[in-house]
Amino acid sequence: AQKVTQAQTEISVVEKEDVTLDCVYETRDTTYYLFWYKQPPSGELVFLIRRNSFDEQNEISGRYSWNFQKSTSSFNFTITASQVVDSAVYFCALSGEQAGTALIFGKGTTLSVSS
Amino acid sequence: ETGVTQTPRHLVMGMTNKKSLKCEQHLGHNAMYWYKQSAKKPLELMFVYSLEERVENNSVPSRFSPECPNSSHLFLHLHTLQPEDSALYLCASSQVGVAYNEQFFGPGTRLTVL
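What counts and what doesn't
- Residues numbered from 1 in each chain as written.
- Chains lettered and ligands numbered in written order.
- Predicted model: local features only at pLDDT ≥ 70, side-chain atom pairs only at ≥ 80, totals over all residues.
- Heavy atoms only, no water.
- Disulfide = S-S within 2.5 Å.
- Helix = DSSP H or I, 4+ residues; strand = E, 2+ residues; numbered from the N terminus.
- Buried < 20%, exposed > 50% of the residue type's maximum accessible area, 1.4 Å probe, protein only.
- Phe/Tyr/Trp six-rings, centres within 6.5 Å; stacked < 30°, edge-to-face > 60°.
- Contact = heavy atoms within 4.5 Å.
- Buried area = accessible area lost by both parts, 1.4 Å probe.
- Salt bridge = Lys/Arg side-chain N within 4 Å of Asp/Glu carboxyl O.
- Pairing = 2+ DSSP bridges.

Structural notes on the state of the cysteines
All names here are of chain B.
Part 1 of the reasoning: Following the criterion strictly, the structure yields 2 disulfides over all chains and no others.
Part 2 of the reasoning: Two residues share a disulfide in this structure: Cys 23 and Cys 91, whose sulfurs sit 1.9 Å from each other. When the S-S torsion is -75°, as for the bridge of Cys 23 with Cys 91, the disulfide is left-handed. Remark: Cys 91 occurs in strand S9 (residues 87-94) and Cys 23 occurs in strand S3 (residues 18-25); sequence separation between them is 68 residues.
Part 3 of the reasoning: A residue is classified by how much of its surface remains accessible, and Cys 23, at 0% relative accessible area, is buried.
Part 4 of the reasoning: No disulfide involves Cys 68; its sulfur sits 9.1 Å from the nearest other cysteine sulfur, which is in Cys 91.

Topic: the packing of aromatic side chains
Part 1 of the reasoning: For the coordinates displayed, the defined rule picks out 20 aromatic pairs over all chains.
Part 2 of the reasoning: Judged by centre distance (5.2 Å) and plane angle (50°), the ring pair of Tyr 25 of chain A and Tyr 32 of chain A falls under tilted. This pair shows no difference in class: Tyr 25 of chain A is buried, exactly as Tyr 32 of chain A is.
Part 3 of the reasoning: An aromatic cluster is defined as three or more aromatic residues linked by ring pairs; in this entry it consists of Phe 35, Tyr 37, Phe 47, Phe 91 and Phe 105 of chain A together with Tyr 33, Tyr 35, Phe 104 and Phe 105 of chain B.

Some thoughts on the interface of chain B and chain A
Part 1 of the reasoning: If you look at the interface, chain B gives 22 residues, while chain A gives 20 residues.
Part 2 of the reasoning: Here chain B packs against chain A, burying approximately 1700 Å² in sum over the two surfaces, 58% of which is carbon and sulfur.
Part 3 of the reasoning: At the junction of chain B with chain A, the criterion picks out 1 salt bridge.
Part 4 of the reasoning: Taking the shortest distance from any N to any O, the salt bridge between Glu 102 of chain B and Arg 50 of chain A comes out at 2.7 Å.
Part 5 of the reasoning: Sorting the residues of the side of chain B that touches chain A by element identifies strand S4 (31-37), strand S5 (44-50), S9 and strand S10 (104-105) of chain B as the ones contributing at least two each.
Part 6 of the reasoning: When residues in the side of chain B that touches chain A are grouped by element, the largest group, 3 residues, is from S4 of chain B.

Quick notes on the pairing of strand S5 (residues 33-39) of chain A
Residues and elements named next belong to chain A.
Part 1 of the reasoning: The element S5 is largely enclosed, with a buried count of 7 among its 7 residues.
Part 2 of the reasoning: Relative to strand S6 (residues 46-52), S5 runs antiparallel, the two being bridged by 6 bridges. When the sheet's bridge partners are listed, Lys 38 is paired in S6 with Val 46.
Part 3 of the reasoning: The hairpin formed by S5 and S6 contains 6 residues between the paired strands, and Gly 43 there has a positive phi angle of roughly 105°.
Part 4 of the reasoning: Strand direction decides the pairing type here: S5 and strand S10 (residues 88-95), joined by 7 bridges, are antiparallel. Along S10, the bridge assignment pairs Gln 39 with Val 89.

Set out below in C-alpha cells:
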C-alpha cells in the first residue's frame with residue numbers, strides 16, 4: 001500500500017527563519033513520483049515540484065529546496081528566509097508507476113509565518 | 001481562461017436540493033479528477049476520468065454522480081446530500097500517457113450542506 005506521512009501538523013515561525021517540512025512515504029513500486037503542493041488560504045493547490053524515484057539530486061529553486069533520500073524514504077522541503085506569503089498548507093504527495101493513477105496525499109502541514 | 005477553473009466557488013444547499021459543480025481545464029490534458037477535502041482530513045480522491053472513461057470510483061456514495069462529456073469538462077452532480085458532505089471539492093487534470101502524473105488543480109468549490 002502507498003502512504004504519505006507528514007508528521008508536523010502545524011509549524012509557526014517568524015519571518016526570515018528557515019523552516020523544514022518533513023515528508024515520509026511508503027511504496028512498493030520501484031518507479032514512483034513525489035510532489036509538493038502549496039495550498040494558500042484561497043484554496044487552490046499550487047504545484048511546486050515533482051521528483052522521480054531515480055533522481056535523488058537535491059533541488060533548489062530560489063528560497064525553496066528539496067532533499068530526497070530514498071534510504072530513509074523521505075522528501076523534505078525547506079524554505080529559507082521565510083516570508084509571510086509562505087503561510088499556507090503544504091502537501092506532500094506520491095504517485096505510482098502507472099500514468100493516470102491518483103496522487104496519494106499526506107495530511108498536510110500548516111505553516112504560519114508571522115512578521 | 002487558463003489552467004483549471006471551477007464554478008461555482010461557493011455553494012450552499014439544502015439536503016433535498018439538486019445542484020451541479022462544474023470544472024473546465026484549458027491545459028489540453030486527457031484525465032480529470034474530483035477530490036474532496038474535509039476539515040482535518042487528507043485529500044480524498046472521488047473519481048478519475050481518463051480519456052473520458054471513468055477509471056476509478058473510490059466507494060463514493062451514489063448521491064454524488066460524475067459526468068465527463070469531453071476531455072475538457074467535468075461535472076459533479078449532487079442530490080440529497082448530507083451535512084457531512086460539506087467540504088471543499090477540488091477538480092484536477094493531468095496528461096495520461098506521460099511518465100509522471102503531475103496534476104493541476106482548480107480553486108475548488110466550497111460546499112455547505114444545511
